[in-house]
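# Residue-level structure breakdown
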Amino acid sequence: AQSVAQPEDQVNVAEGNPLTVKCTYSVSGNPYLFWYVQYPNRGLQFLLKYITGDNLVKGSYGFEAEFNKSQTSFHLKKPSALVSDSALYFCAVRALRIKTGANNLFFGTGTRLTVIP
Amino acid sequence: GAGVSQSPRYKVAKRGQDVALRCDPISGHVSLFWYQQALGQGPEFLTYFQNEAQLDKSGLPSDRFFAERPEGSVSTLKIQRTQQEDSAVYLCASSYRRDISYEQYFGPGTRLTVT
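My aim in this report is to walk through the structure given alongside it, one point at a time. (Residues numbered from 1 in each chain as written. Chains lettered and ligands numbered in written order. Predicted model: local features only at pLDDT ≥ 70, side-chain atom pairs only at ≥ 80, totals over all residues. Heavy atoms only, no water.)

## Remarks on the interface of chain A and chain B
Rules: Whether two residues touch is decided by their heavy atoms; if any such pair falls within 4.5 Å, the residues are in contact. Note: buried area is the sum, over both parts, of the accessible area (probe 1.4 Å) each one loses when the two are combined. Polar contacts, as used here, are pairs of N or O atoms within 3.5 Å; protein pairs need one atom able to donate a hydrogen and one able to accept it. Residues neighboring in sequence count only if both atoms are side-chain atoms. Here a strand is any run of E in DSSP of at least two residues, a helix any run of H or I of at least four, and the numbering for each starts at the N terminus.
Of the residues lining the interface, 24 residues belong to chain A; the matching set on chain B comes to 26 residues. Together, the buried faces of chain A and chain B total about 2000 Å²; carbon and sulfur atoms form 53% of this surface. Considering only the side of chain A, the residues that lose the most area to chain B are Leu44, Arg94 and Thr100 of chain A, jointly responsible for 23% of the buried surface there. Taken together, the connections running from chain A to chain B amount to five residue pairs in polar contact (both at pLDDT 80 or more). At the level of secondary structure, the elements contributing two or more residues to the side of chain A that touches chain B comprise strand E5 (33–38), strand E6 (44–50), strand E10 (87–95) and strand E11 (104–107) of chain A.

Here's what the structure looks like:
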């Protein structure tokens, strides 16, 4: 079984300040972790993923995430927030279904980021 | 290049009606997923296709839900005798290969409202 927790429903940050959106996970086996962003009336857009290798993963639009195995966390970060970063952010873990090979994503409940001008 | 497209974008159905939601995945993508996103929630897995084979339908909430991908490209999610609890955004995603490292690309979704 797997689970993803995004402990903050809402994060507010001033434009230009660093931002962090938190995510913790629970999986059996190796974790395959993803961040997606959802803008209003648009589908989910892929930001970055951790499969293996360096713990610091760099992704689209200046975002990065740090994989921490001991804390089972995969927090999303950006050094300087933009107003255009305001959106709904989802952390996800790949659910490895060995019998069917589905490998679907299991999502957290989302964190709404608001960047204040 | 073209991304994943879905139609219709919005659908209003009266309770008891049947609906069909279409997904056009990215060309050449082997894997196709359907998810259901209720208001204020993250997407939840419904079903998975590899080419034309439906390999996993464990997430379908009832036998009123049916999905197909007959030629391994376009997929249709059908909901029979819609109920109010079916109101949600239905997302389709495709992935180049089944391998776990390949990211999924999502369409814009179909927002279904059952009245």
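After that view of the structure, there is still more to cover.
## Thoughts on the pattern of salt bridges
Residue and element names in this part refer to chain A. Heads up, the rule is: Any Lys or Arg side-chain nitrogen located within 4 Å of an Asp or Glu carboxyl oxygen qualifies as a salt bridge. Burial here depends on accessible area, computed with a 1.4 Å probe over protein chains only, as a share of the maximum for the residue type. Under 20% is buried, over 50% is exposed, and the range in between is partly exposed.
Overall, the coordinates contain seven salt bridges over all chains when judged by the stated rule. For lysine 77, the salt bridge identified is with glutamate 66, shortest N-O distance 3.5 Å. Highlighted residues: lysine 77 in strand E9 (residues 73–78) and glutamate 66 in strand E8 (residues 64–68), separated in sequence by 11 residues. Note on glutamate 66: relative accessible area 39%, which makes it partly exposed. With its nearest N and O atoms 2.8 Å apart, the salt bridge here joins aspartate 85 to lysine 78.

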